[in-house]
Amino acid sequence: MAERVFGMKKEATYGVQSGTVPDWHEEVTSNKFELGDDPVTSTGGSRMIKQVRPGVMKPTGTTEGNVDLERIGHYLAAFLDNYFFTAGQNGFNTHEFWGGENTELSSFTGYATFDYFMKTIVGMLCDGLKIEVSDEFMTHSADWVYKDESSEDIDPKDFEEIITSGAIPIMFYDVDLKLNDAKPSAIMNSFSFEGKNNLNQDGTIGFGSRRPQLKASAQQREISLSLVSLMDKNSVDLIRAAEYGETQILSPSACQLLKTKLELDVKICEDAKRSMKIIFPECAMKVEYDAKDSDQIEVTWNLTTLGTGKVTLLNGKEVVTDMYAQVINAQTEITDTAVTGNSTVTANVRNGTNPVDAATVTLTDISDSSKTFTGTTDSTGTCTIATVPYAKYTVTATATGMKNYTRTTNLICDNKNENIWINMTPTA
């Protein structure tokens, strides 16, 4: 059975994939993509359905998984409408993302596996993003709308070692919180972020098509945050400030609402070169709590982000935003340019258990059939094809006295060493 794997690649043109392989693959806890094409039916006055036609497609999807610093940048780039890249040293680069007034979001191609087949989803737009962390892994959940999809069979073995290396899932103890640039007086034990772009799919489908033809526009960006703590004497001042609107007062303010800056810092002790910072420059804060029996009182701090705070980018430019994120990782610039890199493919050709000598193995790029790479097996039935570029390939093999072989699934060369097994049968 295949891994439940998901990958992403930015598109140059909405609904058209750039290249055939994503920037990375990740194991996810959930992949769900559906066309939303309920059939249109009519009874014609009968108690039974008499007519049915295919309905309009309004495709949606959801992906869920653990957050790591190598891939979270692509989700932030999909959710927010501004991105700036700064090349670093020793292969580690800085990615900055922030929310602005653009209504046109970047579109992505997604690659989602379902045990025996893979869907290629084009025109993916991020409608919503959630990030949560309490006492285990930090998790993400992304909601998508998309344009169209296609499906192909896969060999589960191709996904056993395809996951990008260097991906350490973030734990709660890797995360530090600040309110107004200082550690909060209350011990916060849970954080959640939920953002919505409220993409407008209505009107994107016109006459002559069942599927979206226009990129859905982003409407109001809604971001809500929550923090949870247990009440103790150290949290009382913050509770009063959030409840009454001002600090150092013991009754409700006449007209004030508490505003605060919230910052989330992620640093992994095993990997100091990678980090993430998310800043919500100005938020309105409210607080909820209640006392039940003898239970310790749990306090929930609810924050609504405001588009009135300022952040200075690495290039010195000051922006007004409701959310800013900075990620340092080994990913290159998030771009629609095809991924580069090379793999080494080792082909093992057999007739049952017997090696096949002098077999010619050919790899053909599925997006450009003029690009082929070949190798010839030795007496052990093995050959190595070096410097195979990042792409998908069909695999064929020929040998004297053997039937021509064509692999039923495409080979994904993902900047790693690949091993393939070919079983040929005699012509007679």
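The structure under discussion appears in the preceding block.
The residue numbering used here restarts from 1 in each chain and proceeds along that chain's sequence as written. Confidence filtering applies because this is a predicted model: local features only for residues at pLDDT of at least 70, side-chain atom pairs given and counted only at 80 or more, and all residues used for totals across whole chains, interfaces and linings. Side-chain calculation: all heavy atoms of the structure are included, whereas hydrogens and water are not.

**Topic: the overall build of the chain**
Move 1: From N to C terminus, the chain includes two helices and 30 strands.
Move 2: When the backbone C-alpha atoms are referred to their principal axes, the chain occupies close to 95 × 70 × 50 Å.
Move 3: Classification of residues uses two cut-offs on accessible area relative to the type maximum, computed with a 1.4 Å probe and protein chains only: under 20% is buried, over 50% is exposed, and between them is partly exposed. Here the chain holds 428 residues, and 46% of them are scored as buried.
Move 4: Sequence separation of at least 24 residues holds for 68% of the intrachain contacts in the chain that already meet a minimum separation of 6.
Move 5: Summed over all atoms, the accessible surface of the chain reaches about 21,200 Å², with 46% contributed by carbon and sulfur.
Move 6: Residues counted as positive are Lys and Arg, residues counted as negative are Asp and Glu, and His and the chain ends are not counted. Every charge is mapped to an atom, namely NZ of Lys, CZ of Arg, CG of Asp or CD of Glu. Of the charged side chains in the chain, 38 are positive and 59 negative, and the gap between their average positions amounts to 4 Å. Elements are defined by DSSP. Helices are runs of H or I of four residues or more, strands are runs of E of two residues or more, and each kind is numbered from the N terminus. It only takes one pair of heavy atoms within 4.5 Å for two residues to be counted as in contact. Accessibility throughout is a Shrake-Rupley quantity obtained with a 1.4 Å probe, and a residue counts as covered only by protein chains that appear here.

**Topic: helix 2 (residues 236–244)**
Move 1: All of the buried residues along helix 2 are Leu238, Ile239, Ala241 and Ala242. End-on view of helix 2: buried residues confined to an arc of 165°, all on one side of the axis.
Move 2: Directly beyond the C-terminal end of helix 2, a positive phi value near 95° is found at Gly245. Directions pointing from the helix axis toward each C-beta atom define the arc.

**So, unusual backbone geometry**
Move 1: Its identity is not glycine, yet Asn198 carries a phi of approximately 50°, on the positive side.
Move 2: By secondary structure assignment, the location of Asn198 is in the loop between strand 14 (188–196) and strand 15 (222–230).
Move 3: Using a relative accessible area of 25% as the deciding quantity, one classes Asn198 as partly exposed.
Move 4: The phi torsion at Ala358 lies on the positive side, around 60°, for a residue other than glycine.
Move 5: In this structure, Ala358 sits in the loop between strand 23 (354–355) and strand 24 (360–365).

**As for the side chain of Arg221**
Move 1: With respect to the helices and strands, the residue Arg221 is situated in the loop between strand 14 and strand 15.
Move 2: Whenever two N or O atoms come within 3.5 Å, that pair is a polar contact, provided that in protein one can donate a hydrogen and the other can accept it, and provided that, for residues adjacent in sequence, both atoms are side-chain atoms. A polar contact of 3.0 Å, which involves the side chain of Arg221, links it to the backbone oxygen of Gly100.
Move 3: A polar contact of 3.0 Å, which involves the side chain of Arg221, links it to the side chain of Asp322.
Move 4: For Arg221, the residues in contact, after removing those within four places along its chain, are Phe79, Leu80, Asp81, Gly99, Gly100, Lys196, Asn197 and Asp322.

**Remarks on the environment of Thr305**
Move 1: If you trace the backbone, Thr305 turns up in strand 18 (residues 298–305).
Move 2: Taking the C-alpha atoms as reference, Thr305 lies 6.5 Å from Ala284; in sequence the two are 21 residues apart.
Move 3: What Thr305 contacts, discounting residues up to four positions off in sequence, is Ile223, Leu225, Phe280, Glu282, Cys283 and Asp322.

**Re the side chain of Thr321**
Move 1: Tracing the sequence through the fold places Thr321 in strand 20 (residues 318–321).
Move 2: Only 2.7 Å separates the side chain of Thr321 from the backbone oxygen of Gly99, close enough to count as a polar contact.
Move 3: Those residues in contact with Thr321 that lie beyond four places of it in its chain are Trp98, Gly99, Pro281, Leu306, Gly307, Thr308, Gly309 and Val311.

**Details of the packing of aromatic side chains**
Move 1: Only rings of Phe, Tyr and Trp enter the pairing, Trp through its six-membered ring, and a pair is recorded when the two centres are within 6.5 Å. The plane angle decides the type: under 30 degrees is stacked, over 60 is edge-to-face, the rest tilted. Per the counting criterion, the structure on display carries 10 aromatic pairs.
Move 2: Look at Tyr83 and Phe97: their rings are 5.1 Å apart centre to centre, the planes differ by 15°, and that puts the pair in the stacked class. Residue Tyr83 is found in strand 7 (residues 82–86), and its partner Phe97 is found in strand 8 (residues 93–98); the two are separated by 14 residues along the sequence.
Move 3: Here Phe97 falls in the buried class, since its relative accessible area comes to 0%.
Move 4: Chaining the aromatic ring pairs together yields one cluster made of Phe6, Phe33 and Tyr146.

**Brief notes about the environment of Leu227**
Move 1: Note on placement: Leu227 falls in strand 15.
Move 2: Contacts of Leu227, omitting those with residues within four sequence positions, involve Leu177, Met188, Ser190, Phe191, Leu262, Val299, Thr300, Trp301 and Leu303.

**A closer look at the pattern of salt bridges**
Move 1: A pairing counts as a salt bridge when a side-chain nitrogen of Lys or Arg comes within 4 Å of a carboxyl oxygen of Asp or Glu. This model, assessed by the stated rule, comprises 18 salt bridges.
Move 2: Measuring nitrogen to oxygen at the nearest pair gives 2.9 Å for the salt bridge that ties Asp148 to Arg211. Here Arg211 lies in the loop between strand 14 and strand 15 and Asp148 lies in strand 12 (residues 148–153), a separation of 63 residues in the sequence.
Move 3: Residue classification places Asp148 among the partly exposed residues on the basis of a relative accessible area of 22%.
Move 4: With its nearest N and O atoms 3.0 Å apart, the salt bridge here joins Arg221 to Asp322.

**Section: the pairing of strand 24**
Move 1: Taking burial as the measure, the six residues of strand 24 include five buried ones, the bulk of the element.
Move 2: Of the pairings in the sheet, the one linking strand 24 to strand 25 (residues 372–376) comprises five bridges and is antiparallel in character. Paired with Thr362 across the two strands is Thr374, which belongs to strand 25.
Move 3: Between any two strands, at least two bridges found by DSSP are needed for them to pair. Sheet analysis places strand 24 next to strand 27 (residues 391–398), joined by six bridges and oriented antiparallel. Considered in strand 27, the bridge of Thr360 is made with Thr398.

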